[in-house]
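# Examination of the molecular architecture
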Amino acid sequence: MPSAAVPTARSWLARGRASRGLALAVVFVALLLDNMLLTVVVPIIPTFLYATEYEGANSSAAPRQPESPHSTIKDPPFSPVSSYFDTSTITTLGSPSTMELQKGTSTRQPLHPPVSSPSPNGCPQGEEFLMQENVRVGLLFASKALVQLLVNPSVGLLTNRIGYHIPMFIGFIIMFLSTLMFAFSSTYTLLFVARALQGVGSSFSSVAGLGMLASIYTDDFERGNAMGIALGGLALGVLIGAPFGSVMYEFMGKASPFLVLAFLALLDGGLQLCILQPSKVSPESTRGTPVLTLLRDPYVLVAAGALCFSNMGVAMLEPTLPIWMMQTMCSPKWQLGMAFLPASISYLIGTNLFGLLANKMGRWLCSLIGMVVVGISLLCVPLAKNIYGLIGPNGGLGFAIGMVDSSMMPIMGYLVDLRHTSVYGNVYAIADVAFCMGFAIGPSTGGVIVRAIGFPWLMVIIGVTNIAYAPLCWYLRSPPAKEEKIAILSQECSMQTKSSTAQKPLRDFLLTDNTDVEAENVE
């Protein structure tokens, strides 16, 4: 019996390694964990830094301050939980907020503030600290994307030489180490290093994963569906990350969400060992188009720009929206993550829905409409007066970004098939660079703009930018093919091009034998 079981296990592994579905599942899980770690820190970092740096400094200084017998406000001890939204916790004598309270605005009980809807004075104090924190949190969030931006081209070249499996596994190892660093870091510097290290791991995982899917799913329609499913993993990670992080941080402490993610990352590593065989070197049979050549292609640049600007909107919201909610809505910590829930749910719906529909309605049109909706949604965000007012704008934002992402990712692979060599590592490195530029420029400049002109004007700037860029997607309606690839593309591409319109019956004939082609690929 044992001897029979071993061949059975080996045959199951052999079938699994030849299955496109399991390879898609590996990429799905990798993107899921990467983006859970990306967003789980969004509600944690601003509140953690406020509690450890601002409240900690004031609480250590408070005992040394002499208590004035004429003061109507007493100095209660600081607590990282209760004092965060306590109306009586800012007690540093001589500070603007305290002096204002001492001048006659402190008629409420100092130790027992009302629990009803808080007034503006009930919001977290330290206005100058919060404005500076916008910049520091933005830079910390942007560090991941900046590092990923630098590493992506090297990963694209590496996948051309050794294949996609080993880089995927390297990404898992780095992501695991970054997650542990987040769990046990207690200073801004260590958190910054952990975030930057995450960028390295994310670069390996995303470039290798999307490139592997593009090489496995050669049919354009199937590739669009596969990319939609893989981006569903990205969307699910974004969906779970922020609410999961805020609730776990509120009730179980800072380290708890990161330890859970580290455990899930170990499971992902085991799945990769079984399915991908990361010790196996499998270079591409043909040399891919150089990155610089792809960057000179205007159609690739238009597609990359759409990815960059549409994602820049949510990237600007990540560091600035929680702090704006703290200042204007007096939101408790758990709401800072829940505010992103509508965007995450609608993004999950949008990527899966338009992975199928975009090919029928035209991916260029889907992207154009998506960018317009992104702009309108961002313009509506500052109109919200409470967390419920954010449901509509954030929901529309997530759905529209899902439209753009699920359309542009397949277009990037299609443009390489249409105009260059069908090797996908470099083009998805460019796609990831565009994505990272949005998440690098957005947080790093968003905090500075908020400090200079305010949060509402930041939303106006990025919203109008998306609406103005949207018409450029029209150029992706019918990109021209290179002459030497016309015969191949007339049989392999479902998107209409200027050169292959007359040969569309050949494409319809090929689809009738698609099941046989897939069976040969599995074997």
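Residues numbered from 1 in each chain as written. Predicted model: local features only at pLDDT ≥ 70, side-chain atom pairs only at ≥ 80, totals over all residues. Heavy atoms only, no water.

### Quick word on the confidence of the model for the protein chain
- Residues at a pLDDT of 70 or more form 71% of the protein chain, whose mean pLDDT is 74.
- In this model, residues 62-121 is a region of pLDDT below 50 whose contacts with residues beyond four sequence positions or in other chains number 69 contacts. (pLDDT = per-residue confidence, 0-100. Contact = heavy atoms within 4.5 Å.)

### Digging into helix α6 (residues 165-184)
- Helix length check: α6, at 20 residues, gives a terminal C-alpha distance of 30 Å against a target of 28 Å (1.5 Å per residue), a fit within 8%.
- Those residues of α6 that sit buried are I166, P167, M168, F169, G171, F172, I174, M175, S178, T179, F182 and A183. (Helix = DSSP H or I, 4+ residues; strand = E, 2+ residues; numbered from the N terminus. Expected span 1.5 Å × (residues − 1). Buried < 20%, exposed > 50% of the residue type's maximum accessible area, 1.4 Å probe, protein only.)

### Structural notes on the nonpolar core
- Grouped together as the largest cluster of nonpolar side chains are 105 residues, with contacts concentrated most on L317, L321, M325, M408, M412, Y428 and L476.
- Sort the elements by how many residues they give to this core and helix α11 (residues 298-328) lands first, with 17 residues.
- In this structure, L476 is in contact with Y299, V302, A303, W364, M408, I411 and L415, ignoring residues within four places of it in sequence.
- One finds V155, F204, V207 and A429 within the second-largest nonpolar core, a separate group that totals six residues. (Core = buried A, V, L, I, M, F, W, Y, C linked by side-chain atoms within 4.5 Å.)

### Some points on the environment of A262
- Residue position: A262 is located in helix α9 (residues 255-275).
- The spatial distance from the C-alpha of A262 to the C-alpha of T179 is 5.9 Å, given a sequence separation of 83 residues.

### Examining a nonpolar patch on the surface
- The grouping of I376, L379, I453, W457, V460, I461, V464 and I467 at the surface amounts to a nonpolar patch, some 660 Å² of accessible area in total.
- Mapped onto the elements of the fold, V460 is located in helix α17 (residues 455-469). (Patch = residues over 30% accessible without salt bridge, like charges linked within 9 Å, V, L, I, M, F, W, Y side chains within 5 Å. Areas by Shrake-Rupley, 256 points an atom, 1.4 Å probe, with all protein chains shown as cover. Salt bridge = Lys/Arg side-chain N within 4 Å of Asp/Glu carboxyl O.)

### A word on the pattern of salt bridges
- What the rule picks out here adds up to one salt bridge.
- The salt bridge involving R419 is made with D297; its shortest N-O contact spans 2.8 Å. With R419 in helix α15 (residues 391-419) and D297 in the loop between α10 (291-295) and α11, the pair connects residues that are 122 residues apart, well separated along the chain.

### A short note on the packing of α11 against α15
- Where α11 contacts α15, the two axes come as close as 9 Å, and the packing angle between them is 150°. Put simply, α11 runs roughly antiparallel to α15. Classified by chirality, the crossing of α15 by α11 is left-handed. Residue-level contacts link Y299, V300, A303, A304, A306, L307, S310, N311, V314, L317 and L321 of α11 to N394, L397, I401, V404, D405, M408, M409, I411, M412, L415 and R419 of α15.
- Tallied by class, residues from the contact of α11 with α15 come to 17 nonpolar, three polar and two charged. (Axes fitted to C-alpha atoms, helices over the stretch in contact; angles between N-to-C directions. Parallel < 35°, antiparallel > 145°, perpendicular 65-115°, else oblique. Left-handed = near helix turned anticlockwise from the far one by under 90°. Nonpolar A, V, L, I, M, F, W, Y, C, P; charged D, E, K, R; others polar.)

### Section: the side chain of R419
- Judged by relative accessible area, R419 falls into the buried class, the value being 16%.
- Side chain to side chain, R419 and D297 meet in a polar contact 2.8 Å long.
- Among the polar contacts made by the side chain of R419, one reaches the main-chain carbonyl oxygen of P480 at a distance of 2.9 Å. (Polar contact = N/O pair within 3.5 Å; in protein donor to acceptor, adjacent residues only side chain to side chain.)

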